[in-house]
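For reference, the chains in residue letters:
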Amino acid sequence: LSALTDALEAYKRLLHVNSDSHEFRELAALTLVDRGQLLLELHRHRDAKRDLEAALEVFRRLTTDFAVVVRYQQSLAATLEALGRVLHREGRGPS
């Protein structure tokens, strides 16, 4: 968990220097997804949901800005699936 948090902080620093980098935005969002999935396994649903929703926002923007980049669409789908698992564990998904 701490390694993912450290990586996320490093990506934030890189984005501060180069905020237009879609590569850094993607890497930061992927790190949020990884951390969110780990937090879900640790039963920290609120924290997992926060990270996944933040990643979702980034991937939505990336898929809008770069519609032809398939991996952004795939990452968006994977993030939505992970968020669905959080909601299911919270009892908010379909039965």
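Residues numbered from 1 in each chain as written. Predicted model: local features only at pLDDT ≥ 70, side-chain atom pairs only at ≥ 80, totals over all residues. Heavy atoms only, no water.

Draft legend 1. Broad picture of the packing of helix α2 (residues 22–41) against helix α4 (residues 70–89). Relative to each other, α2 and α4 sit at 25°, their axes nearing to 11 Å. In terms of axis orientation, α2 runs roughly parallel to α4. Both α2 and α4 take part in a crossing whose hand is left-handed. Facing α2, whose interface residues are His-22, Glu-26, Leu-30, Val-33, Gln-37, Leu-40 and Glu-41, α4 presents Arg-71, Tyr-72, Ser-75, Thr-79, Ala-82, Arg-85, Val-86 and Arg-89. Split by residue class, the contact of α2 with α4 holds six nonpolar, four polar and five charged. (Axes fitted to C-alpha atoms, helices over the stretch in contact; angles between N-to-C directions. Helix = DSSP H or I, 4+ residues; strand = E, 2+ residues; numbered from the N terminus. Parallel < 35°, antiparallel > 145°, perpendicular 65-115°, else oblique. Left-handed = near helix turned anticlockwise from the far one by under 90°. Contact = heavy atoms within 4.5 Å. Nonpolar A, V, L, I, M, F, W, Y, C, P; charged D, E, K, R; others polar.)

Draft legend 2. The arrangement of the nonpolar core in detail. In this structure, Leu-52, Ala-55 and Phe-59 are the most contacted members of the largest nonpolar core, which totals 21 residues. Listing elements by their share of this core, those giving two or more residues are α1 (2–17), α2, α3 (45–65) and α4. The element contributing the most residues to this core is α3, with seven residues. Ignoring anything within four residues of it in the chain, the contact list for Phe-59 reads Glu-26, Ala-29, Leu-30, Val-33, Tyr-72, Ser-75, Leu-76 and Thr-79. (Core = buried A, V, L, I, M, F, W, Y, C linked by side-chain atoms within 4.5 Å. Buried < 20%, exposed > 50% of the residue type's maximum accessible area, 1.4 Å probe, protein only.)

Draft legend 3. Expanded view of a nonpolar patch on the surface. A grouping of Leu-1, Leu-38 and Leu-42 is seen on the molecular surface, where their side chains present a nonpolar patch of about 220 Å² in accessible area. The class for Leu-42 is partly exposed, based on a relative accessible area of 44%. (Patch = residues over 30% accessible without salt bridge, like charges linked within 9 Å, V, L, I, M, F, W, Y side chains within 5 Å. Areas by Shrake-Rupley, 256 points an atom, 1.4 Å probe, with all protein chains shown as cover. Salt bridge = Lys/Arg side-chain N within 4 Å of Asp/Glu carboxyl O.)

Draft legend 4. Main features of α3. Helix length check: α3 (21 residues) gives 30 Å between terminal C-alpha atoms against 30 Å at 1.5 Å per residue, within 8%. All of the buried residues in α3 are His-45, Ala-48, Lys-49, Asp-51, Leu-52, Ala-55, Leu-56, Val-58, Phe-59, Leu-62 and Thr-63. Each element contacted by the buried residues of α3 is listed here: α2 and α4. (Expected span 1.5 Å × (residues − 1).)

Draft legend 5. The arrangement of the packing of α1 against α2 in detail. Close contact between α1 and α2 brings their axes to 9 Å; oriented N to C, the two are set at 160°. The angle between the axes of α1 and α2 places the two elements in the roughly antiparallel class. Viewed along their axes, α1 and α2 form a crossing whose handedness is left-handed. Residues Leu-4, Thr-5, Ala-7, Leu-8, Tyr-11, Leu-14 and Leu-15 of α1 pack against Phe-24, Arg-25, Leu-27, Ala-28, Thr-31, Leu-32, Asp-34, Arg-35 and Leu-38 of α2.

Draft legend 6. Summary view of the environment of Arg-61. Tracing the sequence through the fold places Arg-61 in helix α3. On the basis of relative accessibility, which here comes to 39%, the residue Arg-61 falls in the partly exposed class. Once the C-alpha coordinates of Arg-61 and Ala-48 are considered, the two residues, 13 residues apart in sequence, prove to be 20 Å apart.

Nothing here speaks to function; it is all geometry.
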